[in-house]
Amino acid sequence: MTHSTMPTGSVISVDNLSIGFRGKAGHMLPVLRNISLDVHQGESIGLVGESGSGKSTLALAMMGYLKTGLRVLNGDVSFEGQKMFSQRRAALESIRGGRLALIPQNSGQSLTPTLRIGAQIQEALKLHSAQPSETFGARVIELLSQVRLPDPASIVERFPHELSGGQQQRVAIAMALAGEPEALLLDEPTTGLDVTTQAHILELLRDLARDMGMAMVYVSHDLGAIARVCDRVAVMYAGEVALEGSVRQVLRDPSHPYARGLLASIPKLSDICLPRALDGRPPAPGGAGQGCAFVSRCAIASDVCSTSRPDLALQPSGARSRCHHVDKVHEIPLSGDREVGKRALSDETSLSLKDLAISYARPSLWGKSVGREDTSVPTVEGINVALRRGETLGLVGESGSGKSTILKTIAGLLPPLSGEVTAHGGAPLPSKVEKRASTELRQIQMIFQNPDESLNPRQTIGQILAQPLILYFGLSGQALTEKTILLLDQVRLGGHYIDRLPSQLSGGEKQRVAVARAFAAEPDLVLCDEITSALDVSVQAAMLELLDDLRRQKNTSYVFVSHDLAVVRALSDRVAVLYQGRLCEIGPTHAVYGAKSHPYTEVLLGAVLEPDPDFTPELSASDVVELAPPAMGCPFQRRCPKRIGSICDTVAPPLREPDYGHKIWCHIEEI
Amino acid sequence: MLAMLFRRLGLGAITVWLVSVIIFLGVEMLPGDACTAFLEREAKGKLLENCREDLGLNRPALMRYTEWAKGAVQGDLGVSAKGQKPISELVGYRLRNTLLLASGAILAGIPLALFLGVVSALWRDRPVDIVVSTLAIFAMTIPEFVSATLLILVFSVWLGWVPGIVLTPANAPLVEFFPEVLLPITVLTLVMTAHILRTVRSSVIEALASDYAQMARLKGVPYWQMVFRHVLPNALLPAINVIALTIAWLLGGVVVIETVFNYPGLGRMMIDSISDRDLPVTQAIALIIATVYVGVNLAADILTLLANPRLRTMHIRKG
């Protein structure tokens, strides 16, 4: 454990750095305010915070890089004693990518699309390696195997788009290692990756940092990832370091109200309660005023908090906290207390899926005319699920598992290959949305992942919400306005939002509008497609509370798709685990997350990271991405850590029911 | 990949065929025919019938179309109604002259547009960019005949450097078109450059702001190496299609320019044939222009396919 006050061996040193941009009114608006931070040799430090907290800006500033429009207001960053912002271009270029390397957030977009992988890594070698250029070819292969990519020789020849997300991330790591860096900056390196892939990448980074003695600066909003790879954490809020200390100090008993609120808003696998929402939102750049930046959201704030800005003061524990009331922070709880609990569910069926099979492959006009048989394996197959009124079914699985595909078919956006979708135990719904009757449409509503794309940017919130009200209920005039305001109140936005445009709202507010639009139709069933994954954790917690409130009031059923197993656990009554479009397991939430489960569920649960420094994920299967399900046998055969033999490859696994309503499809008898 | 190529070629051929049907039907629907135009007032009674007999105009339309199409495929575009000469012969020199004009504009315009586009993107919002972008807007918005007239006024009337109109006969050797051809080339280049430049500028700016450009900088790649290796190959892909569209536009643009400068090319021949109601010639030129249009776009599509690894590998993977 490295201590924050250790005087020697600092690789990167940030000294009272402030960075800002010129606002519309001509004033300089700060994005970073008086940051001082030291990164020591071989140490890994995490920068945590919500979007807009300045964590990425700080990481890039450590490379002497500012995004367009930003400038240094005061202070400097030094890397091994060299001041980065007063360096010449050539000197910076020799440091960047060499002794100090960056692993970007979105490797898919950070690799140049027109250059082969080999050429991109060789470029880094040419710039930073002292070795003769004949050795570069072999060195590229060596780097690619070092990041545990299978078949590096073929990866060299590929273009970035031919790799999966996890592979692209590994390539980015290999490229960063090319210059044999002393420090690595990682900007959200696992965001957007599947849980299993993320866990594997983090293990790789841990091992690399240890073996090569590199310092790491790890930027993330994910405290679970930080807990796994970092020694020390700095929690950022509104461009300031709010709390800094060892992982244990920050994650076990943080001495800053914001850090406590953040921790409480994270859904945890070990916790059956809904996470606690952190109300309000951070001040805009320049809007922090004279006092503490967190004052408006703080439960223990007093008068002094709004008049004087607290210093980042050393605490007896060794952590540094920017709070006037460190003695009172323990009043703020670290977890939620709202249990989803057992609600009385009626026996009325809300939705049932019978033998659903879906395929994206459409026979081409040419194939049809020559009578070619479609031999491809369907993307989704054999889905049988019944959902009761008021029940929430969570759908989990890695990307490509068919979760969203199933939602699209229920909504009528993607006709199934075979099988039927029934609502209320009636006749099967028409497979295409345009053939469904108005009431059938009203009963099923969908909320999409990204509200930026699902809300029309040219319509006001009032117009957006009016559409379902006019369409399904024929409201107009005063009645329409009243109902719209009521809806806005229900999603806790308030009637004054009615004339605003989506672009004037934050991400969380936009998603609330999307929820309000779905509920405007008074649906029986709401399909939620990763609706919290684009939101910050504190906003996500509020969204989960809202969904829970609404289903209690309206007795609505949800099909809740998410890649985050902790979120699904917090909200769902039942959970279905999908792999390659096939059901592996379905059952009550406590059973699926309990002792007896499908090997794939175990793999998924083992890869989940908890914001706990003593928690170790269990990686039992590779994170190889499969492009198509196998033609026969168990869908999970190729990656299963508990494979029992050739029976898995040839025979479809039988259904086992260890408890009533808990179904597992597996050859293993003693689940 | 190869299948893809053949499919595109097939689609191109179908397009040209459809165009030929539309042209033929269009001409069919016009009142009168080559004979009424040729005979003018005498177009009645025995004389008209004889003429139609001679030209085969009294046969069913389908038969005439098949014959015309068959001839066109073999390079025989029929006979002009006016001078009773084979059209292929008449078109030959005119096509050559227009190609001289167009290729002059293309050879000057494309490199100039790429260069200025890249320069104004790299020095965005600096004086170079402001000057170039402003001039481009002028060049785009002023109609060709106005800029042509202005150039004639300055370079031939005031300065007297080049003749304002072309008096060289159509079948003269190419060298005799110099220096008169320079003015029309300049006018076409101006408009062309402006269109391509603006696309190039915006796509270079977009690529400069991309994550991969930022990553290259943070990898320690020197600025100019980043520009040439990482930014330009990606930024110039969309330019291919704009260049193709501009070249296709050029074929229409020459009609106006050739008329203004009295230049003996395909465009002016088309105008003349229309005013003379020489329908076989109009038909033939329309077909030629349509074919070139389809051909240029086809070439651009194939080029994009070859230059973009994402598209190039897509078909291999899926196949």
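Residue numbers restart at each chain and count upward from 1, following the sequence in its written direction. Key to labels: chains lettered from A, ligands numbered from 1, both in the order written. Whole-chain, interface and lining totals are the exception, using all residues; otherwise, since this is a predicted model, local features are given only for residues with pLDDT of at least 70 and side-chain atom pairs are given and counted only at 80 or more. To get the side-chain values, all heavy atoms of the structure are used, and hydrogens and water are removed first.

Novice: Could you clarify how one ought to interpret the overall build of chain B in this entry?
Specialist: Counting from the N terminus, the helices are DSSP H or I runs at least four residues long and the strands are E runs at least two residues long. Scanning chain B from terminus to terminus reveals 14 helices and zero strands. Each principal axis of the C-alpha atoms in chain B carries an extent, and together these give about 85 × 65 × 30 Å. The 319 residues of chain B split such that 45% are buried. Whether two residues are in contact is decided by their heavy atoms, any of which lying within 4.5 Å being enough. Pairs at least 24 apart in sequence give 72% of the contacts found in chain B among residues at least 6 apart. Note that accessible areas follow from Shrake-Rupley with a 1.4 Å probe, and for residues the cover is restricted to the protein chains shown. With the model as given, the accessible surface of chain B reaches about 16,500 Å², and the carbon-plus-sulfur share is 69%. Asp and Glu are treated as the negative residues and Lys and Arg as the positive ones, with His and the ends of the chain left uncounted. In this description, the location of a charge corresponds to atom NZ of lysine, CZ of arginine, CG of aspartate or CD of glutamate. Both charge centroids of chain B, one from 26 positive and one from 22 negative side chains, sit 12 Å from each other. Only protein chains enter the area calculation, which uses a 1.4 Å probe; residues under 20% of their type maximum are buried, those over 50% are exposed, and those in between are partly exposed.

Novice: Before we go on, may I ask you to explain the domain arrangement of chain B in this structure?
Specialist: Reports of interface size often rely on the accessible area that becomes lost once the parts have come together. All names here are of chain B. If you check the domain split of chain B, you get domain 1 (2–73) and domain 2 (90–318). For the purposes of this description, domain bounds are those given by an automatic or database domain assignment. For domain 1 and domain 2, the distance between their C-alpha centroids amounts to 32 Å. Of the residues lining the interface, 20 residues belong to domain 1; the matching set on domain 2 comes to 15 residues. Together, the buried faces of domain 1 and domain 2 total about 1,500 Å²; carbon and sulfur atoms form 80% of this surface. Salt-bridge detection follows one rule: a side-chain nitrogen of Lys or Arg within 4 Å of a carboxyl oxygen of Asp or Glu. Taken together, the connections running from domain 1 to domain 2 amount to one salt bridge. As a salt-bridge pair, Asp301 and Arg8 come within 3.2 Å of each other at their nearest N and O atoms. Here a polar contact means two N or O atoms within 3.5 Å. Within protein one must be a hydrogen donor candidate and the other an acceptor candidate, and residues neighboring in sequence count only if both atoms are side-chain atoms. In this structure, the connection of domain 1 to domain 2 is made through one residue pair in polar contact (both at pLDDT 80 or more). Secondary-structure elements contributing two or more residues to the side of domain 1 that touches domain 2 are α1 (2–29), α2 (34–39) and α4 (61–73). Take the side of domain 1 that touches domain 2: its biggest share by element is twelve residues, from α1. In terms of residue class, the side of domain 1 that touches domain 2 is made up of 14 nonpolar, four polar and two charged. When two parts are put together, the accessible area they lose, computed with a 1.4 Å probe and summed over both, is reported as buried area. Residue polarity is assigned by list, with Asp, Glu, Lys and Arg as charged and Ala, Val, Leu, Ile, Met, Phe, Trp, Tyr, Cys and Pro as nonpolar; anything else, Gly included, falls into the polar class.

Novice: Whenever I open this one, helix α18 (residues 477–490) of chain A confuses me. Can you help?
Specialist: An α-helix turns once per 3.6 residues; consequently, residues spaced three or four apart project the same way. Residues and elements named next belong to chain A. Here a helix's expected span is defined as the number of its residues, less one, multiplied by 1.5 Å. The terminal C-alpha atoms of α18 lie 20 Å apart, and with 14 residues this matches the ideal 20 Å at 1.5 Å per residue to within 8%. If you check which residues of α18 are buried, you get Leu480, Thr484, Leu487 and Leu488. Viewed along the axis of α18, the buried residues span an arc of 100°, placing them on a single side of the element. Each element contacted by the buried residues of α18 is listed here: α17 (461–473) and α19 (507–520). Within two residues after α18, Arg492 carries a phi angle of roughly 60°, on the positive side. What the arc describes is the spread of directions from the helix axis to the C-beta atoms.

Novice: I would appreciate a short explanation of α4(B) in the present structure.
Specialist: Residues and elements named next belong to chain B. In this model, α4 (13 residues) spans 18 Å end to end at C-alpha, consistent with the 18 Å of a helix rising 1.5 Å per residue. Taken together, the buried positions of α4 are Arg64, Tyr65, Trp68 and Gly71. Each buried residue of α4 lies within a common arc of 130° when the element is viewed along its axis, so the set occupies one face. Relative to its buried face, α4 has exposed residues pointing more than 90 degrees away, namely Leu62, Lys70 and Val73. Next to the buried residues of α4 lie α1 and α13 (279–307).

Novice: Explain the domain arrangement of chain A here, please?
Specialist: Residue and element names in this part refer to chain A. In terms of domain boundaries, chain A breaks down into domain 1 (11–331) and domain 2 (349–458 + 501–665). For domain 1 versus domain 2, the distance between C-alpha centres works out to 32 Å. Contact residues are listed per partner, giving 40 residues for domain 1 and 41 residues for domain 2. Both sides together, the interface formed by domain 1 and domain 2 hides about 3,500 Å², and carbon and sulfur atoms give 61% of it. Sorting the residues of domain 1 by area buried against domain 2 places Val195, Leu269 and Leu274 first, and these three jointly supply 21% of that buried surface. Between the two partners, domain 1 and domain 2, sit four salt bridges. Between Arg252 and Asp614 there is a salt bridge, with its nearest N and O atoms 3.0 Å apart. Counting across the domain 1 and domain 2 interface gives eleven residue pairs in polar contact (both at pLDDT 80 or more). Elements supplying a minimum of two residues to the side of domain 1 that touches domain 2: α8 (195–212), α9 (223–229), α10 (247–252), α11 (257–264) and β11 (273–274).

Novice: I would appreciate a short explanation of the sheet that holds strand β17 (residues 392–396) of chain A in the present structure.
Specialist: The pairing of strands in a sheet happens through backbone hydrogen bonds and is either parallel or antiparallel. Residues and elements named next belong to chain A. We call two strands paired when DSSP finds no fewer than two bridges between them. Here eight strands make up an open sheet; going across it, the order is β19-β20-β21-β17-β22-β23-β25-β24 and the pairing mixed. Only two strands of the sheet have a single partner each, and these edge strands are β19 (444–447) and β24 (655–659). Each adjacent strand pair in this sheet contributes to an overall mean axis angle of 20°, direction not counted. The pairing of strand β22 (residues 574–579) with strand β23 (residues 582–588) spans six bridges and is classified as antiparallel. Bridge pairing in β23 places Val577 opposite Glu585. Axis definition: a line fitted to C-alpha atoms, limited for helices to the stretch in contact. Angles are taken between N-to-C directions and run from 0 to 180 degrees. Running at roughly 100° to β22, helix α23 (residues 599–607) makes contact with β22 and β23 of the sheet.

Novice: What's the story with the interface of chain B and chain A in this structure? I'm lost.
Specialist: Counting residues at the interface gives 21 residues for chain B, matched by 30 residues for chain A. Together chain B and chain A conceal approximately 2,500 Å² of surface at their shared face, both sides included; 55% is due to carbon and sulfur atoms. For the chain B face of the interface with chain A, the top three residues by lost area are Met215(B), Leu218(B) and Lys219(B), together amounting to 28%. At the boundary of chain B and chain A, one finds twelve residue pairs in polar contact (both at pLDDT 80 or more). Sorting the residues of the side of chain B that touches chain A by element identifies α9 (211–218), α10 (223–235) and α14 (309–318) of chain B as the ones contributing at least two each. Of the residues belonging to the side of chain B that touches chain A, the class tally is eight nonpolar, six polar and seven charged.

Novice: Looking at this structure, I do not really get the sheet that holds strand β7 (residues 183–187) of chain A. What am I missing?
Specialist: Residue and element names in this part refer to chain A. Read from one edge of the open sheet, eight strands run β6-β7-β8-β3-β9-β10-β13-β12, paired in mixed fashion. Across the chains shown, the open sheet's two edge strands, defined by having one partner strand only, are β6 (100–103) and β12 (313–314). Of the pairings in the sheet, the one linking β12 to strand β13 (residues 320–321) comprises two bridges and is antiparallel in character. Pairing of Leu314 across the sheet is with Arg320, part of β13.

Novice: Would you take a moment to explain the side chain of Asp187(A) for this structure?
Specialist: Residues and elements named next belong to chain A. By the element assignment, Asp187 lies in strand β7. Summary of buried charges: Asp187 has no salt-bridge partner, and the nearest side chain of opposite charge, Lys67, is 6.5 Å away. In this structure the side chain of Asp187 is engaged in a polar contact, spanning 2.9 Å, whose partner is the side chain of Ser56. Setting aside residues no more than four positions away along its own chain, Asp187 makes contact with Ser56, Ile103, Pro104, Gln105 and Val219.

Novice: In this structure, what is going on with the environment of Leu149(A)? I would like to understand it.
Specialist: Residues and elements named next belong to chain A. Position of Leu149 relative to the elements: it lies in the loop between α5 (136–146) and α6 (152–156). Classification of Leu149 by relative accessible area gives buried; the value is 5%. As a C-alpha pair, Leu149 and Val624 span 475 residues in sequence and 9.8 Å in three-dimensional space. With near-sequence residues (within four places) excluded, Leu149 lies in contact with Leu144, Ile155, Gln167, Arg170 and Val171.

Novice: Sorry if this is basic, but what is going on with the side chain of Asp194(A) here?
Specialist: Residues and elements named next belong to chain A. As for its placement among the helices and strands, Asp194 is situated in the loop between β7 and α8. No salt bridge is formed by the buried Asp194; its nearest oppositely charged neighbour, Lys403, is found at 5.7 Å. Beyond its immediate sequence surroundings of up to four residues, Asp194 is in contact with Glu398 and Ser399.

Novice: Where do I start with a nonpolar patch on the surface in this structure?
Specialist: Residue and element names in this part refer to chain B. Only residues above 30% relative accessible area that lack a salt bridge enter a patch, with like-charged residues linked at up to 9 Å and the nonpolar side chains Val, Leu, Ile, Met, Phe, Trp and Tyr linked at up to 5 Å. A contiguous nonpolar surface patch, about 920 Å² in accessible area, is contributed by Phe145, Val146, Leu150, Leu153, Val157, Trp158, Leu159, Trp161 and Val256. No other element matches the six residues that helix α7 (residues 144–158) contributes to the nonpolar patch. One can find Val146 in helix α7. The exposure class assigned to Val146 is partly exposed, which follows from its relative accessible area of 32%.

Novice: Would you explain the pattern of salt bridges in this entry?
Specialist: Should their charged atoms come close, side chains of opposite charge can pair. All names here are of chain A. Going through the model one piece at a time under the given rule, you end up with 43 salt bridges over all chains. One salt bridge connects Glu188 with Lys55, and the closest N-O pair in it is separated by 3.7 Å. Of the two residues, Glu188 sits in the loop between β7 and α8 while Lys55 sits in helix α1 (residues 55–61), which places them 133 residues apart along the sequence. When sorted by exposure, Glu188 lands in the same class as Lys55, which is buried. Asp452 is the salt-bridge partner of Lys510, the closest N and O atoms lying 2.5 Å from each other.

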